[in-house]
Amino acid sequence: MGTSVQVTPLCGVYNENPLSYLVSIDGFNFLVDCGWNDLFDPALLEPLSRVASKIDAVLLSYPDTLHLGALPYAMSHLGLSAPIYSTEPVFRLGLLTMYDQYLSRKAVSDFDLFTLDDVDSAFLSITRLTYSQNHHLSGKGEGIVIAPHVAGHLLGGTVWKITKDGEDVVYAVDFNHRKERHLNGIVAESFVRPAVLITEAYNALSNQPHRAQRDREFLEKIVRTLEGGGNVLLPVDTAGRALELILILEEFWAQRNLGYDIFFLTYVASSTIDYVKSFLEWMGDSIAKSFETSRNNAFQLKRVKLLINKMDLDNAPIGPKVVLASMASLEAGFSHDIFVEWASDVRNLVLFTERGQFGTLARMLQANPPPKAVKVTMSKRVPLVGDELVAYEEEQKRLKKEEELKASLLKQEESRASHGVDNTSSDPMVIDTTNSNAPPDVAGSHGGGYRDILFDGFVPPSTSVAPMFPFYENNTEWDDFGEVVNPDDYVVKDEDMNQTALHVGGDIDGKLDEAAASFILDTKPSKVVSNELTVQVKCSLIYIDFEGRSDGRSIKSIIARVAPLKLVLVHGSAEATEHLKQHCLKHICAHVYAPQIEETVDVTSDLCAYKVQLSEQLMSNVLFKKLGEYEVAWIDAVAGKTENHDMLSLLPTVSTPPPRHKSVLVGDLKMADLKQFLASKGVQVEFAGGGSLRCGEYVTLRKVGVAGQKGGGSGIQQIVIEGPLCEDYYKIREHLYSQFYLL
Amino acid sequence: MASTAQPASSLKRRDVPVTREGDQLTIIPLGAGSEVGRSCCYMTFKGKTVLFDCGIHPAYSGMSALPYFDEIDPSTIDVLLITHFHLDHAASLPYFLEKTTFRGKVYMTHPTKAIYKLLLTDYVKVSKVSIEDMLFDEQDINNSMDRIEVIDYHQTKEVNGIKFWCYTAGHVLGAAMFMVDIAGVRVLYTGDYSREEDRHLQAAEMPEFSPDICIIESTYGVQLHQPRHVREKRFTDVIHSTVSQGGRVLIPAFALGRAQELLLILDEYWSTHKELQNIPIYYASPLARKCMSVYQTYILAMNERIRNQFAHSNPFQFKFIQNLNSIDDFNDTGPCVVMASPGGLQSGLSRQLFDMWCADKKNSCVIPGYVVEGTLAKTIINEPKEVTLMNGLMAPLNMQVHYISFSAHADYAQTSAFLKELRPPNIVLVHGEANEMGRLKQKLITEFAADGNTKVLTPKNCQSVEMMFNSEKMAKTIGKLAEKTPEVGETVSGILVKKGFTYQIMAPEDLHVFSQLSTANITQRITIPFSGAFGVIKHRLEQIYESVESGTDEDSGVPTLLVHKLVTVKQDSEKHISMHWAADPVSDMVSDSVVALVLNISRELPKVVIESEASKTEEENEKRAEKVVYALLVSMFGDVKRDENGKLVISVDGNVAKLDKQNGDVESEHEGLKEKVRTAFRRIQTAVKPIPPFAS
């Protein structure tokens, strides 16, 4: 029987919420994507929290909040501890995105859902794979192979292919089939006829204008605003679509030699671009080619200036400028602040390049007609002064004291615990103070009176009655040749060349920008002050689709080309999901599912399969006929056992002639092709009504039935050839036969 | 008849031994067989052909530097895999792509492709050969760039059913070891590799699958390297003491690959030694400067250490190293360190500096890598008293010469540990000087003697190595055909679909479900003028066919006949009858006979048909069939007798076979005869017996 496959959405079905799905394959639970939105509402993660501990592996597909935002929280609070797989850019840019999110939040609120350390530790456990690398899982997932494939949309974007026993489960969301400036499109040919395809309906109802036209409109709008003396704000993501926009602007600015400033403002802007420069392998062909031939790195930016601090922007020369600022939702971060500043000037332009997340300020502004005024909360982190500072310091002191008390208590216990066991074996000069196995509930009642008077690092053995200096007997072993030595002690230690690298700072967050770093390291007491204000929206608001996702029509044609046996639809408004479901049911495949949250759909293929060995005797007699990339042959064989009796083997039939089988005509007949072919053979052909083909004077050929089943899943073709008894009839039949392989 | 055609053809070859031509895997080194240079290794298996590397021999020029491409037909090669950018591994590629019939695909890693272009363009510029001797020009290199495809480490690609992927090889930036999988047989080609991690590169990875054949380099044979830190220490000590005594250090090195490693060492050493920081380090190679951006970009192909450093600043943006374009820009005033190419001191900047400095005993020359026989670098390693300068004069060699090898090739310890873990049953040694290779072979044979079946081969150039792989073919039966797993002895019939090297067996109805192929049914309908009585046709048909069923058409109510359960004959009108059937060889034949019969009836209509004699009894039929069988067997085998049990005894050349006519069983001592008789009998049976009706 086939591999059992269940899909349970944890978030993001019938709406545009973040994506997170549970896919279990023969009991091995994959969490595909682990998204959150810019509002960071823990309620969204409830379904995830119920299953987090059961998850065996996490697959991430894109480096944005919607696909991996919840990872740090899930790892630190929900008990998620599985190995994580992603591509290198998803890992790196995802990390930067989370830093940016955290810092943007932290700047305006007492954000405590996760810390930077949580982000670091979550991303540390990621295993990085390259595109079309077949990674064989081990342990519980033995036999499962996972492979990331190019998906477009964002740098490093992944379509996951999970294979077990030759059956593929493909998870493809947010893909883009179009080639873009820096990315290649999806290659649908890599996933032909998977057992299950999990895809999304997000864009099923949208249609995109032509790319060139869209780009022109985009640039025109920006230039016109600048010429009118206004500023342009592009609220973008941290390290995703922003890259494409940067390239478009760079190219255009270079072409026109424009003097207006462009700023890319995120907390991690410079490290983002530094890393992106080293990700050429992951980008589109044209970028790779330009580097290979002329060593011209497209992300060696000449026009776009990178900023990591809003102060730098404020200090920038006055005049019209374009700013790409992170947090596309305008909920927090730089884009929020800039929006509030610029919204009241009619000359300014806020250009949205992606649909705002549901329930965010960006979404509100994208409404038609846009609101005249919006209420926003301006928050700011200010250092504590006066009474507050005093109160804070006292609080800190109190906390510190408590900590110390706790620590000293703990130390007593530790010392007792450690000395209880290693009295004899411990190295005389090393005093073990970091034994974390100390049982916390052992109360330090014994001898607690004078412990505190001892200085740190010196702990009396618990067996001694009174404190005393440690005394250790130096008993050495001797043999016939003298003292026994350990040869390892005399080996010149291999100098660790990594040391130099490490003391420069080896942890993964290393390249956090200086300002950001100072911000974190800044332990100056501070608080968040917020005030609500109403902003008059006078600036122009435009939405131009630069999301880089396939549109409805292409999604449909891609699904048809992939032709899955079973299809699961997720992510997308209820309307879009329903639309795509109906479309697929009608045209593509009979098994389309669109589960609700926490509804498990069983998409185990009802396919039966077993493996056999093809014996050499059988194969030596098979004559294959070649048909495109396939070779086909009819075989009649007898089941037998292999030599070691553990497998079925197919042997040639020996004595009895095989039962006659109905002959099979293999081939795909296109009437138009046939017409040409017949014409080339000198037969008069023309299309008559109803798609039938009139050949010669009397003979008609037509295809009947099953026309509805288009795409890869076309059924058996029914072809009728009719005519009176005449020579032409046999001639045409001969030509028709030549279009097929007879088995 | 279609149904019998296949077993018939099958029997012809049954006695052929099971290993066939297709099971033979052939490996031919076209270069680097028992030599170092012009790496090129040809491999073919099951009609798929792979070429590994495409280098030139640095010691020769013109056509003689090429691998022996004449030995093979380039047009048959499906894939060409280039391991790294060194000239002896990649430099004949433009020639091979542009000047031969090769039409396959070429793969290399991203960094290799980027550096390949720079390196070869430089090679074309500096090589001082006549135009006729030029293997290719810059245009050819640019053209070749369009045909080269890139592959990332671990990425699996498939071309014509050949699957391949690559691992890091540790030799230079972008160096790869290729694993090729053809029909389940895996071949690992290491190219140049090193199992020791260094400052910027990862060590060669251990593949997760053991290959069936490992084609491995043997440059260093049975030699052992000093540990890396010892070499590094010697290197920095020599430089430190020389410059602190006011001397100059010359490091002749090939511009790319190891030079970057040395620069990393120097830059790091300088940054930790403040007292040295006023002493300049020059890196005199315009080519290398161009390549620096490649090194600064493909950080992902390097090791964890570099990637971590990258988080702070790009380690390839050196702080203490200055570029030097030519000797004219060089201001020789005091102690300094100069790294210059070429590595062999044949000519160029490194030689100019050597000539200037060799007489002063304060100066040092550090030779950091493998040096080729016949170059000055090789000569001075032996510390002669005098050397010949470029202007032909003799000069005393007073400068100190140090040979500290940093070339990242595996030594014996690495090779044997690598092979021990990998356990390939077949090892092919290439890329090694013949003596060194011989020693390595001996040592490996003794080491692997325990398991007894490890073969170590050292083919010379153009000497082919053949191996048999009786690969097991596994098929997956899917769909309707697999609803029930068959018991032993049951028959399985279906379509075998082969794509690449995977096989699937399926029912014809499922073909369109599991593959992109589709099947078709052709219904044929033909009208024949016939004005006689419908009953006559039925009567005549019954004389020929065993099964003729009468019926009426459901729509029009006209009488119909179903002949042989395949062809429906219908009386459409007074003047016409029509026939329709599903296209099929047997049905077509039946329909043809019906047509013939109907036409005959029309022609001889006035005649009264004489009722034939009562149809023959079964028994008579049997008897006649038996006679025919006997006669045919006699005509085939000559001596056929009937024995007492009714069996036929056939003797040919003293071999006797007994044939049971009832069930076709044959007894014979001689296998060949037995098969022949059985086949003959079966064919006769199908010819004599009526075609069984076939329910469609």
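These numbers come from a predicted model, not from an experiment.

Residues and elements named next belong to chain A. Their axes nearest at 10 Å, the elements helix α4 (residues 88–108) and helix α5 (residues 116–124) cross at an angle of 170 degrees. In terms of orientation, α4 and α5 fall into the roughly antiparallel class. For the crossing formed where α4 meets α5, the hand is right-handed. Contact with α4, carried on its side by F91, G94, L95, M98, Y99, Y102 and L103, involves L116, V119, D120 and F123 of α5 and no other residues of that element. In terms of residue class, the contact of α4 with α5 is made up of 9 nonpolar, 1 polar and 1 charged.

Time to look at the packing of aromatic side chains. Counting across every chain of the model gives 34 aromatic pairs over all chains. On the numbers, 6.3 Å between centres and 35 degrees between planes, the contact of Y123(B) with F136(B) is tilted. With Y123(B) in helix α4 (residues 110–126) and F136(B) in the loop between α4 and α5 (138–147), this residue pair connects regions lying 13 residues apart in the sequence. Pairwise contacts between aromatic rings join W36(A), F40(A), Y73(A), Y102(A), F111(A) and F114(A) into one cluster. A cation sits over an aromatic face here: R128(A) above F91(A), 4.0 Å from the ring centre. In this structure, R186(B) packs its charged tip against the face of F209(B), placed 4.2 Å from the ring centre.

We now examine the pattern of salt bridges. Residues and elements named next belong to chain A. For the structure on display, the rule yields 50 salt bridges over all chains. As a salt-bridge pair, K164 and D26 come within 3.1 Å of each other at their nearest N and O atoms. Here K164, found in strand β9 (residues 158–164), pairs with D26, found in the loop between β2 (20–25) and β3 (28–32); they are 138 residues apart in sequence, far enough to count as distant. Taking relative accessible area as the criterion, K164 reaches 16% and is therefore assigned buried. Salt bridges linked by common partners bring R181, R211, R214, D215, E244 and E251 together as one network.

Residue and element names in this part refer to chain B. One open sheet holds the 6 strands; their spatial order is β14-β13-β15-β12-β16-β19, and the pairing between them is parallel. For this open sheet the edge positions go to β14 (321–323) and β19 (400–403), each flanked by a neighbour on one side alone. Across the sheet, the axes of successive neighbouring strands diverge by a mean angle of 20 degrees, strand direction being ignored. Where strand β16 (residues 364–367) and β19 come together, 4 bridges link them in parallel fashion. The partner of V366 across the bridge, within β19, is H402. Helix α6 (residues 228–244) rests against β12 (248–252), β15 (336–340), β16 and β19 of the sheet, and its axis sits at about 145 degrees to β12. Sheet contacts for helix α7 (residues 258–272): β12, β13 (281–284), β14 and β15; angle to β15, the most-contacted strand, approximately 165 degrees.

All names here are of chain B. With mixed pairing, 7 strands are arranged side by side in an open sheet as β7-β8-β9-β10-β11-β20-β21. If you trace the sheet from one side to the other, it starts and ends with β7 (157–159) and β21 (455–457), each paired once. Sheet twist, expressed as the average angle between the axes of neighbouring strands with direction ignored, equals 20 degrees. Sheet analysis places strand β9 (residues 176–182) next to strand β10 (residues 185–189), joined by 5 bridges and oriented antiparallel. Across the sheet, V180 pairs through a bridge with V187, a residue of β10. Contacting β9, β10, β11 (213–217) and β20 (426–430), helix α12 (residues 412–422) crosses the sheet at an angle of about 170 degrees to β11.

For helix α16 (residues 585–603) of chain B, spanning 19 residues, the distance from its first C-alpha to its last is 27 Å, which sits close to the expected 27 Å at 1.5 Å a residue. If you check which residues of α16(B) are buried, you get V586(B), S587(B), D588(B), V590(B), S591(B), V594(B), V595(B), L597(B), V598(B) and I601(B). Those residues of α16(B) hidden inside the fold are in contact with α20 (727–737) of chain A together with β26 (519–529), α15 (534–544), β28 (559–563), β29 (567–571) and β30 (576–582) of chain B. Between a side-chain oxygen at the N-terminus of α16(B) and the backbone nitrogen of V586(B) the separation is 3.0 Å; the capping residue is D584(B).

Here we come to the confidence of the model for chain B. Residues and elements named next belong to chain B. This prediction gives chain B a mean pLDDT of 83; 93% of its residues lie at or above 70. Put simply, helix α1 (residues 2–12) is where chain B has its lowest mean pLDDT, 38, and strand β4 (residues 79–81) is where it has its highest, 95. Predicted confidence is poor over residues 1–19, with pLDDT under 50, and the contacts of this stretch with residues over four places away or in other chains come to 24 contacts. Among the prediction metrics, the complex's ipTM stands at 0.76, with pTM recorded as 0.78.

Reading the values: rules and limits
- Residues numbered from 1 in each chain as written.
- Chains lettered and ligands numbered in written order.
- Predicted model: local features only at pLDDT ≥ 70, side-chain atom pairs only at ≥ 80, totals over all residues.
- Heavy atoms only, no water.
- Axes fitted to C-alpha atoms, helices over the stretch in contact; angles between N-to-C directions.
- Helix = DSSP H or I, 4+ residues; strand = E, 2+ residues; numbered from the N terminus.
- Parallel < 35°, antiparallel > 145°, perpendicular 65-115°, else oblique.
- Left-handed = near helix turned anticlockwise from the far one by under 90°.
- Contact = heavy atoms within 4.5 Å.
- Nonpolar A, V, L, I, M, F, W, Y, C, P; charged D, E, K, R; others polar.
- Phe/Tyr/Trp six-rings, centres within 6.5 Å; stacked < 30°, edge-to-face > 60°.
- Lys NZ or Arg CZ within 6 Å of the ring centre and 35° of its normal.
- Salt bridge = Lys/Arg side-chain N within 4 Å of Asp/Glu carboxyl O.
- Buried < 20%, exposed > 50% of the residue type's maximum accessible area, 1.4 Å probe, protein only.
- Pairing = 2+ DSSP bridges.
- Expected span 1.5 Å × (residues − 1).
- Polar contact = N/O pair within 3.5 Å; in protein donor to acceptor, adjacent residues only side chain to side chain.
- pLDDT = per-residue confidence, 0-100.

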